[in-house]
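# Observations on chain architecture
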Amino acid sequence: MAIQQGQQTSPITSQRRLQQLVVGLVLFNVVMVLSYAFLPRQPGFGGGMLIPGLLIAYNLLICQLVRRRARRSGDVAVIYIGTLTCIAACAVLLYSFFRQ
């Protein structure tokens, strides 16, 4: 549905879209962590340093976004989901560093 010139979206609709975006990013984080956990083989040195670094950076960004979003809307369920995915990412990264 296209918005015609002069029409504005309601604040509720934009808040809902933003909430859906945050949940989508958190679910994408879960997919990235699980795909890293089940890699068929270990990447080389460059990939072994780059992939975990990017996962850590993405998790830090997700944590900041979830914290700001939940503070504005008072939605605690997003905080729980974001925290659980970040803890899972830490566990997967620690496991991948210590497996041989």
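Description of the structure in this document. (Residues numbered from 1 in each chain as written. Predicted model: local features only at pLDDT ≥ 70, side-chain atom pairs only at ≥ 80, totals over all residues. Heavy atoms only, no water.)

### Examining the side chain of asparagine 59
Structurally, asparagine 59 is set in helix H2 (residues 45–73). Engagement of the side chain of asparagine 59 in a polar contact is seen with the side chain of asparagine 29, the distance being 2.6 Å. A polar contact is formed between the side chain of asparagine 59 and the backbone oxygen of leucine 55, at a distance of 2.8 Å. Among residues more than four places away in sequence, those in contact with asparagine 59 are Asn29, Thr85, Cys86 and Ala89. (Helix = DSSP H or I, 4+ residues; strand = E, 2+ residues; numbered from the N terminus. Polar contact = N/O pair within 3.5 Å; in protein donor to acceptor, adjacent residues only side chain to side chain. Contact = heavy atoms within 4.5 Å.)

### Some words on a nonpolar patch on the surface
Taken together, the side chains of Leu39, Leu50, Ile51 and Leu54 define a hydrophobic patch exposed on the protein surface, amounting to about 330 Å² of accessible area. Structurally, isoleucine 51 can be placed in helix H2. (Patch = residues over 30% accessible without salt bridge, like charges linked within 9 Å, V, L, I, M, F, W, Y side chains within 5 Å. Areas by Shrake-Rupley, 256 points an atom, 1.4 Å probe, with all protein chains shown as cover. Salt bridge = Lys/Arg side-chain N within 4 Å of Asp/Glu carboxyl O.)

### Brief notes about the packing of aromatic side chains
One pair of aromatic rings is described through two measures. These are the centre distance and the angle between the planes. Summed over the entire model, instances satisfying the criterion amount to one aromatic pair. Ring geometry for phenylalanine 28 versus tyrosine 58: centroids 6.1 Å apart, planes at 85°, classification edge-to-face. Here phenylalanine 28, found in helix H1 (residues 11–37), pairs with tyrosine 58, found in helix H2; they are 30 residues apart in sequence, far enough to count as distant. Its relative accessible area of 18% is what places tyrosine 58 among the buried residues. (Phe/Tyr/Trp six-rings, centres within 6.5 Å; stacked < 30°, edge-to-face > 60°. Buried < 20%, exposed > 50% of the residue type's maximum accessible area, 1.4 Å probe, protein only.)

### Describing the environment of valine 33
Mapped onto the secondary structure, valine 33 falls in helix H1. Accessibility expressed as a relative area gives 5% for valine 33, which makes it buried. In sequence terms valine 33 and cysteine 90 are 57 residues apart; their C-alpha atoms lie 9.3 Å from each other. The contacts of valine 33, once residues within four sequence positions are left out, are Leu55, Ala88, Ala89 and Val92.

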